[in-house]
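Coordinate analysis (summary)
In case you want the letters, here they are:
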Amino acid sequence: MLTIAASQLLARAHRVRLDPSGTAADALAGRYRSAYRGAGMEYEESREYAPGDDVSAMDWKATARLGRPFVKRLREERSRTLMLVVDISPSMAFAAAGPSLYETAAVAAVTLAVSAAASRDRVGLALFTDRVEAFLPPRAGAAVPFAVARALAETVPAGRATDPAPALTLARTALAHRAVVVVLSDFLAGEFVAPLGSLAARHDVAAAVLTAPEATALPPAGLVAVTDLETGGRAVLDCGNPAARARYAAAKTRLRQETMARLTAARVDVLTLAADAPPAAALEAFFRRRARPGRGRARP
């Protein structure tokens, strides 16, 4: 779907500047760490109780099963897992001018992967249409951002519609512990609420909504033949009619409001990524909101 190579995609994620003092990757790595702190303590194993052990660490299930006292041994969990779930269905190819929704999503996903890798976190990736098109299990290492960029740049989707459920179910299955999950999509087709809600019950989920300003208004260009990118349906729009343009804009606004209401119902954080702007600044603003003490859920 992309017209740029993985190396170019990775370079764009590194070089976009938020300010004169550093790159997007440098700035976002710090913002990312502040927004998504480690999960604290993680269970490692159980062992027999020894005098002096903290009784609050008792493993009551093991004690009852084995007939002698056991305590849980915990280890500090410093690293996180970031799972990127990216929509590569045909509607994401929309681009009236400039980069497509998918290209913007790909740059944002690789930028997040670079930030997570800089924090020594594990990163996974799932690409979906109406099926899972590609999957990279979560792993850590300096090479992971390039693997993410390569999958985004080289995967050719087989599906022609949008159904996020298989990818979100796979993500839930692949994540053994609480993780950060970022879903990047236009969210205009497919049923997201139930699978997102199920995922958010255990994980920290954010919905990155890709938008194209050109998609909300028709140009005054007379009769225009249009084709639905996913269904293939065709129609002729009278763009020269002011009333038709107003109805179109109102319908698009209503659809966007309904989309945001559905995401709110799924109880996930929401951010908006505009296709006509580099995503780094929007990601930084989102991380700033998340890092605020006593924050509520972020809104677009």
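Here is a short report on the structure shown in this document. (Residues numbered from 1 in each chain as written. Predicted model: local features only at pLDDT ≥ 70, side-chain atom pairs only at ≥ 80, totals over all residues. Heavy atoms only, no water.)

1. Quick look at the pairing of strand β9 (residues 204-211)
- Most of β9 is tucked away, with eight of its eight residues classed as buried.
- Burial along β9 is two-sided: Asp204, Ala206, Ala208 and Leu210 and Val205, Ala207, Val209 and Thr211, pointing in opposite directions, are all buried.
- Sheet topology places strand β8 (residues 180-185) next to β9; six bridges connect them, and they run parallel. Residue pairing in the sheet places Val181 in a bridge with Val205 of β9.
- Following the backbone out of β8, through helix α7 (residues 193-200) and into the adjacent parallel β9, one traces a crossover that is right-handed.
- Pairing of β9 with strand β12 (residues 269-274), which is carried by six bridges, proceeds in the parallel orientation. Bridging across to β12, Ala207 finds its partner in Val270. (Buried < 20%, exposed > 50% of the residue type's maximum accessible area, 1.4 Å probe, protein only. Helix = DSSP H or I, 4+ residues; strand = E, 2+ residues; numbered from the N terminus. Pairing = 2+ DSSP bridges. Right-handed = clockwise from strand over helix to strand, strands pointing away.)

2. Points about α7
- Burial in α7 covers these residues: Pro195, Leu196, Leu199 and Ala200. Here the buried residues of α7 occupy an arc of 130° about the axis, which is enough to place them on one side.
- Those residues of α7 that are buried are in contact with α6 (165-174), β8, β9 and α8 (242-265). (Arc of directions from axis to C-beta. Contact = heavy atoms within 4.5 Å.)

3. So, the sheet that holds strand β5 (residues 81-87)
- The six strands lie next to each other as β7-β6-β5-β8-β9-β12, forming an open sheet whose pairing is mixed. Looking along the sheet, the strands with just one partner apiece sit at the ends: β7 (132-139) and β12. Between one strand and the next, the sheet's axes are offset by a mean angle of 15°, whatever the strand orientation.
- In the sheet, β5 pairs with β8 via five bridges, with the strands oriented parallel. By the bridge assignment for β8, Leu82 is matched with Val180.
- The strands touched by helix α5 (residues 144-154) within the sheet are β5, β6 (122-128) and β7, with β6 carrying the most contacts at an inclination of about 5°.
- Against the sheet, α8 touches β9 and β12, its axis set at about 170° to β9. (Axes fitted to C-alpha atoms, helices over the stretch in contact; angles between N-to-C directions.)

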